[in-house]
Amino acid sequence: MAPKLECCALCHAETDVTEETPSYERKNYIDSAGQLCPDCYSFIAANKEWHNLL
């Protein structure tokens with residue numbers, strides 16, 4: 001059986017990240033918010049001060 005994919009915490013779109021992927025290896029992941037799709041991540045994170053620290 002194929003690994004289950006995570007859904008975006010905001011729009012619920014399926015991402016390309018499996019549930020087994022550790023958080024430190026994930027793209028578009030925000031601690032305490034969860035996994036985001038690339039569109040939601042760039043919409044939310046692109047203009048935030050902390051984003052420049054990543």
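Remember, predicted model here, so these are calculated numbers, not experimental data.

## Concerning the environment of Ile30
Then, number 1: With respect to the element layout, Ile30 can be found in strand E3 (residues 29-30).
Then, number 2: Looking at Ile30, the relative accessible area reads 17%, which means it is buried.
Then, number 3: Separated by 21 residues in sequence, Ile30 and Ala9 have C-alpha atoms that sit 10.0 Å apart.

## Remarks on the nonpolar core
Then, number 1: Grouped together as the largest cluster of nonpolar side chains are 7 residues: Cys8, Ile30, Leu36, Cys37, Cys40, Tyr41 and Ala45.
Then, number 2: A total of 3 residues in this core trace back to one element, the largest contributor, which is helix H1 (residues 38-45).

## Brief notes about H1
Then, number 1: All of the buried residues along H1 are Cys40, Tyr41 and Ala45. Seen end-on, H1 carries its buried residues on one side only, within an arc spanning 105°. Exposed residues pointing more than 90 degrees away from the buried face of H1 are listed as Pro38, Asp39 and Phe43.
Then, number 2: Of the surrounding secondary structure, the elements contacted by the buried residues of H1 are E3.

What counts and what doesn't
Residues numbered from 1 in each chain as written. Predicted model: local features only at pLDDT ≥ 70, side-chain atom pairs only at ≥ 80, totals over all residues. Heavy atoms only, no water. Helix = DSSP H or I, 4+ residues; strand = E, 2+ residues; numbered from the N terminus. Buried < 20%, exposed > 50% of the residue type's maximum accessible area, 1.4 Å probe, protein only. Core = buried A, V, L, I, M, F, W, Y, C linked by side-chain atoms within 4.5 Å. Arc of directions from axis to C-beta. Contact = heavy atoms within 4.5 Å.

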